Protein chains: 2
Amino acid sequence: MVPYKELSREELERERRAMQKEHDLLRAKGYHLDMSRGKPCTAQLDLSNDMLDVVNSKTDVHSERGADCRNYGDVAGIDEAKRMLGDMVDVAADHVIVWGNSSLSVMHDVICNSMIKGVLGSTPWCQLDSVKFLCPVPGYDRHFTITEYYGIEMINIPMNEDGPDMDLVEKYVNNDPAVKGIWCVPKYSNPQGITYSDEVVRRFANLNPAAEDFRIFWDNAYCVHHLYEDKQDHLLEILNECEKAGRPDMVYEFFSTSKVTFAGAGISGVAASKRNLEEIRKQMSVKIISFDKLNMLRHAKYLVDQDGIQAKMKQHAEIMRPKFEMVLNKLTTDLKPLGIARWIEPRGGYFVAFEAMDGCATRIIELASQAGLTMTPAGAPFPYHKDPKDSVIRIAPSYPSEEELAMAMEIFVVCVKLASAEHMLKYMEA
Amino acid sequence: MVPYKELSREELERERRAMQKEHDLLRAKGYHLDMSRGKPCTAQLDLSNDMLDVVNSKTDVHSERGADCRNYGDVAGIDEAKRMLGDMVDVAADHVIVWGNSSLSVMHDVICNSMIKGVLGSTPWCQLDSVKFLCPVPGYDRHFTITEYYGIEMINIPMNEDGPDMDLVEKYVNNDPAVKGIWCVPKYSNPQGITYSDEVVRRFANLNPAAEDFRIFWDNAYCVHHLYEDKQDHLLEILNECEKAGRPDMVYEFFSTSKVTFAGAGISGVAASKRNLEEIRKQMSVKIISFDKLNMLRHAKYLVDQDGIQAKMKQHAEIMRPKFEMVLNKLTTDLKPLGIARWIEPRGGYFVAFEAMDGCATRIIELASQAGLTMTPAGAPFPYHKDPKDSVIRIAPSYPSEEELAMAMEIFVVCVKLASAEHMLKYMEA
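The model shown is predicted, which means the values in this text are computed figures rather than measured ones.

1. A word on the overall build of chain A
When its secondary structure is counted, chain A shows 13 helices and 13 strands. At 23 Å, chain A has a C-alpha radius of gyration in line with the 22 Å of a compact globule built from 430 residues. Projected onto its principal axes, the C-alpha positions of chain A cover 75 × 55 × 35 Å. Burial analysis of chain A (430 residues in total) assigns 61% to the buried set. The positive charge centre, built from 50 side chains, and the negative charge centre, built from 64, are 2 Å apart in chain A.

Shown next as structure tokens:
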């Protein structure tokens, strides 16, 4: 296999035609495959089925403090759930508030409240001419959807292999009072699988924001989502670092059990300083009497603590690892020698971020779609759905079966080769 | 027993001293009783314990459309839950969106979104100089908390025995474009237990609002919460009436199973026109991937339909009825002849609204507290916690046991008599 750039025009045209033929054959087979969604597969959901039995008509339904979990009360959640979630992210239980089944809702509600009411007494963001968020890219599309919905201007920050470009982050945060937040997925990031280095975390904690109401939105969604037992990333605990740096209020940390137990029926939470928590609790009491404490009880009894969580995540890894390895092996074998794409091999999380040649992502996804393979739309991991280089494609290996995934990757590499050859030929013509 | 107003000054002073003595005796006993909270009691929660078994590790966890309820998806809820909730309020399933465990959150989120984004394209409320809500009083304190939190001006509307004073409602809504909403609990209202008459509902549906983004917030919290089988109030279905009147978008209806199954772990929903639902669904997709579908499945399988709901509510009534009757009998026997208070005998809901002589509510609650009985604070059922007459006290009979309730009512009537005598004596002096 020869790198495409070393091929002559004729050789490349021959390659293009060969790939076109393969693509036509795949099209004719009428596949329906999906690598677009970061959803756990059925086997992963089955791992937690026993949790459905730990609260039943015969079991005690009281929290350890004696609250009847079926009734109203305990707006911030029950202690054992705070402790369990705190364990998951290395934060003490008294810095945790437990929410409903979606950490995205916590993030949304915090931003929403900042828009209308401000942050710890600051001017409400909706009264400001300009509100900006920094967005390390590629990132999580649903983060960007929230800020876009509320008309918050989003600024792309390039990701390095150890986290966001901190020179740029510092430049913006420390000088522009309109910069009110930054979206982070600090561990096994969506979609690259990057974990922020200790130095990056410390630079975050030592930011000196121009805006008093600047906050780091630390979405630790994949905190325990390792693929390997022997190769695990470690993330420095941010609350503690901010505390040490004298800015305990600068960060909100979000997390959930959505990808530990059930994606649609987990529990979520937020960790923050006492002042931030007090403000969040005030907001909560306006909108709800209490979230579902029976589901908190289910989770706390089932997962218990760090050990319980780790044991469960080990079972997940056994399902996820072969899928990730299949994707990565296929890319390495079929594409690496051709020099037409890059990717990072993640040690955890839910995605592989595939970087095609500039200007090829949209075409690859179009070709995949023609062959019956649904990918995450090009641009999705960027603010305003605009990938400046049109190169990043998010691959989500979790949901398809191994068989489906193998077939999907067959299709994918053909589409990448075809799009790349097309692109290079066009470039040669120009 | 002679009405207080027929007593001479000396007789009234004698009565006051007698009541003071009784109050002193009660104080000495060191009671701890609570009639403040509209919470179901343990026996009521026990009624739905079997629901905890209908979804377990051995049962199918798919919706009737085949969605795995453990996974992400179906942002607006599963069909069978829409149908069951729709059945509860006589609305077709395709006009229902299912939410999490709290209907208060739906109301909050709709108002929050109207503040920042407007309603179906109208100017966001946070950009207006003045936004007003009409508040039939006495009403539900948590409604008023939401509007107060967002700086929305609240205007008291007196309640008549068949609903809010509609002359006043029409005057405000049809003339003032700053009036954007009205809080209603149309059936077995909180706290009076009043059900809006057909005429009142029709007048609501035929409002001709000055503001295009005016909405009726129809919190049908007690839609099926009858105390009697043979004496039930009937509420005209509002969506249909608004549709007939040519204003299908003018109302949002809210409901939940919080007081059907578990107060803290039910499911809730909103019913509205297709246009309103589309807007709500858009907001939802920004903040959540899906609410807990396993809990929806649990509820749909357990309650099934109107018949299942009615059967469950009949069991609730058997627990609630004796408590309400105890409260009402005590009031009738001990207070009615004295002419110092009024109340409506509700046929459903969770409360009795007790109306003391003007200027006595705060004192009664203070005296009750001294004797170890916690009541809802005076003013709570009014915007800004201000009862203009200082006369309304919300009695919540559900949570205490019958024994506790009997004792609580003993204390209560003594406090009412003492406060009334004190007040009249003061008035005589003046």
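There is more to say after this.
2. A few points about the side chain of B:Arg394
Residues and elements named next belong to chain B. Note on placement: arginine 394 falls in strand E13 (residues 392-395). Looking at arginine 394, its side chain comes within polar contact range of the main-chain oxygen of serine 36, at 3.2 Å. Side-chain polar atoms of arginine 394 contact the side chain of threonine 376, separated by 3.5 Å.

3. Digging into the environment of A:Tyr172
Residue and element names in this part refer to chain A. Within the secondary structure, tyrosine 172 is located in helix H6 (residues 166-175). A residue is classified by how much of its surface remains accessible, and tyrosine 172, at 24% relative accessible area, is partly exposed. In this structure, the C-alpha to C-alpha distance between tyrosine 172 and alanine 210, residues 38 residues apart in sequence, is 8.7 Å. Ignoring sequence-local partners within four residues, the contact set of tyrosine 172 consists of Leu134, Ile155, Ile157 and Val179.

4. Focus: the interface of chain A and chain B
Chain A puts 58 residues into the contact, and the matching count from chain B is 58 residues. In this assembly, chain A packs against chain B so that about 4,800 Å² is buried in total across both faces, 56% of it on carbon and sulfur atoms. Where chain A packs against chain B, one counts 4 salt bridges. The shortest N-O distance in the salt bridge between A:Arg70 and B:Asp46 comes to 2.7 Å. Counting only elements with at least two residues in the side of chain A that touches chain B, the list comes to helix H2 (42-46), helix H4 (103-117), helix H5 (141-149), helix H9 (274-287) and helix H10 (293-303) of chain A. Residue contributions to the side of chain A that touches chain B peak at 9 residues, all from H4(A). Partitioned by chemical class, the residues of the side of chain A that touches chain B number 24 nonpolar, 18 polar and 16 charged.

5. A few points about the relation of the copies chain A and chain B
In screw terms, the move from chain A to chain B is a rotation of 180 degrees and a rise of 0.0 Å along the axis, fitting with an RMSD of 0.0 Å. Here the copies are linked by what is in effect a two-fold axis. Looking at chain A, 100% of its interface residues are interface residues in chain B too, so the copies touch through the same face.

6. Here's the deal with the packing of aromatic side chains
Scanning all chains against the criterion turns up 32 aromatic pairs over all chains. Considering the side-chain rings of B:Trp99 and B:Phe291, the 5.2 Å spacing of their centres and the 35 degrees angle between planes classify their relative orientation as tilted. Pair noted here: B:Trp99 is in the loop between strand E2 (96-98) and helix H5 (103-117) and B:Phe291 is in the loop between helix H10 (274-287) and helix H11 (293-303), with a separation of 192 residues, a long-range link. Taken together, the ring pairs in this structure connect A:Trp125, A:Phe133, A:Trp183, A:Phe217, A:Tyr252 and A:Phe254 into an aromatic cluster. A cation sits over an aromatic face here: A:Lys259 above A:Tyr350, 5.0 Å from the ring centre. Looking at B:Lys117, its charged tip hangs above the ring of A:Tyr149, at a distance of 4.2 Å from the centre.

7. Some words on unusual backbone geometry
Residues and elements named next belong to chain A. Looking along the chain, the bond that leaves valine 137 and enters proline 138 is cis, with omega of -5 degrees. Its place among the elements puts proline 138 in the loop between strand E3 (132-137) and H5. A cis amide bond, omega 5 degrees, links asparagine 190 with the succeeding residue proline 191. Within the secondary structure, proline 191 sits in the loop between strand E6 (179-184) and helix H7 (198-205). Within the chain, valine 304 stands out as a residue other than glycine whose phi angle is a positive 65 degrees.

8. Digging into the nonpolar core
Here is a general trend for soluble globular proteins: nonpolar side chains tend to be buried in one another's company. Judged by nonpolar contacts, the single largest core of 301 residues is most densely connected at A:Phe204, A:Phe354, A:Phe412, B:Phe204, B:Phe354 and B:Phe412. Residue contacts for B:Phe354: discarding those within four places in its chain leaves B:Leu331, B:Leu335, B:Ala341, B:Arg342, B:Trp343, B:Ile364, B:Ser391, B:Val392, B:Ile393, B:Ile395, B:Phe412 and B:Val416.

9. So, the pairing of strand E9 (residues 268-271) of chain A
All names here are of chain A. On E9, burial covers both faces: Ser268 and Val270 on one face and Gly269 and Ala271 on the other are all buried. By the bridge criterion, 3 bridges tie strand E2 (residues 96-98) to E9 in an arrangement that is antiparallel. Bridge pairing in E9 places valine 98 opposite glycine 269. Alignment of strand E8 (residues 251-256) against E9, held across 4 bridges, turns out to be antiparallel. Its bridge partner being in E9, phenylalanine 254 is matched across the sheet by valine 270.

10. Some details on the confidence of the model for chain A
The share of residues in chain A with pLDDT of 70 or more is 100%, and the mean pLDDT across the chain is 97. Across the assembled chains, the prediction reports ipTM 0.97 with pTM 0.97.

11. Thoughts on the sheet that holds strand E8 (residues 251-256) of chain B
Residue and element names in this part refer to chain B. With mixed pairing, the 8 strands of this open sheet are ordered in space as E2-E9-E8-E7-E6-E3-E4-E5. Unpaired on one side and paired on the other, E2 and strand E5 (163-164) mark the two borders of the sheet. In this structure, strand E4 (residues 153-160) lies alongside E5, joined through 2 bridges in antiparallel fashion. Considered in E5, the bridge of methionine 159 is made with proline 164. Here H5 sits on the sheet and contacts strand E3 (132-137), strand E6 (179-184), strand E7 (215-219), E8 and strand E9 (268-271); the angle it forms with E8, its principal contact strand, is near 155 degrees. Taken strand by strand, helix H8 (residues 198-205) contacts E5, E6 and E7, and its axis lies near 145 degrees from that of E7.

12. Looking at helix H6 (residues 141-149) of chain B
Residues separated by three or four positions in an α-helix point in the same direction, a consequence of the helix having 3.6 residues per turn. Taken residue by residue, H6(B) has B:His143, B:Phe144, B:Ile146, B:Thr147 and B:Tyr149 as its buried positions. Positive phi appears at B:Gly151, one or two residues downstream of H6(B), with a value of about 70 degrees.

13. With respect to the sheet that holds strand E13 (residues 392-395) of chain A
Residues and elements named next belong to chain A. Ordered in space as E10-E11-E13, the 3 strands form an open sheet in which the pairing is antiparallel. Edge positions in the open sheet fall to strand E10 (341-343) and E13, since each of these has one partner strand only. For this sheet the average axis-to-axis angle between neighbouring strands, irrespective of direction, equals 25 degrees. Pairing analysis gives 4 bridges linking strand E11 (residues 352-356) to E13, with the strands arranged antiparallel. Within E13, the position partnered with phenylalanine 354 by the bridge is isoleucine 393. On the sheet, helix H11 (residues 306-334) packs against E10, E11 and E13 and is oriented at approximately 15 degrees with respect to E11. Against the sheet, helix H12 (residues 361-370) engages E11 and E13, with an angle of about 40 degrees to E13.

Here is what the cut-offs are and how they apply
- Residues numbered from 1 in each chain as written.
- Chains lettered and ligands numbered in written order.
- Predicted model: local features only at pLDDT ≥ 70, side-chain atom pairs only at ≥ 80, totals over all residues.
- Heavy atoms only, no water.
- Helix = DSSP H or I, 4+ residues; strand = E, 2+ residues; numbered from the N terminus.
- Rg over C-alpha atoms; globule rule 2.2 N^0.38 Å.
- Buried < 20%, exposed > 50% of the residue type's maximum accessible area, 1.4 Å probe, protein only.
- Lys, Arg positive; Asp, Glu negative; His and termini not counted.
- Charge placed at Lys NZ, Arg CZ, Asp CG, Glu CD.
- Polar contact = N/O pair within 3.5 Å; in protein donor to acceptor, adjacent residues only side chain to side chain.
- Contact = heavy atoms within 4.5 Å.
- Buried area = accessible area lost by both parts, 1.4 Å probe.
- Salt bridge = Lys/Arg side-chain N within 4 Å of Asp/Glu carboxyl O.
- Nonpolar A, V, L, I, M, F, W, Y, C, P; charged D, E, K, R; others polar.
- Least-squares fit on C-alpha atoms with pLDDT ≥ 70 in both.
- Phe/Tyr/Trp six-rings, centres within 6.5 Å; stacked < 30°, edge-to-face > 60°.
- Lys NZ or Arg CZ within 6 Å of the ring centre and 35° of its normal.
- Core = buried A, V, L, I, M, F, W, Y, C linked by side-chain atoms within 4.5 Å.
- Pairing = 2+ DSSP bridges.
- pLDDT = per-residue confidence, 0-100.
- Axes fitted to C-alpha atoms, helices over the stretch in contact; angles between N-to-C directions.

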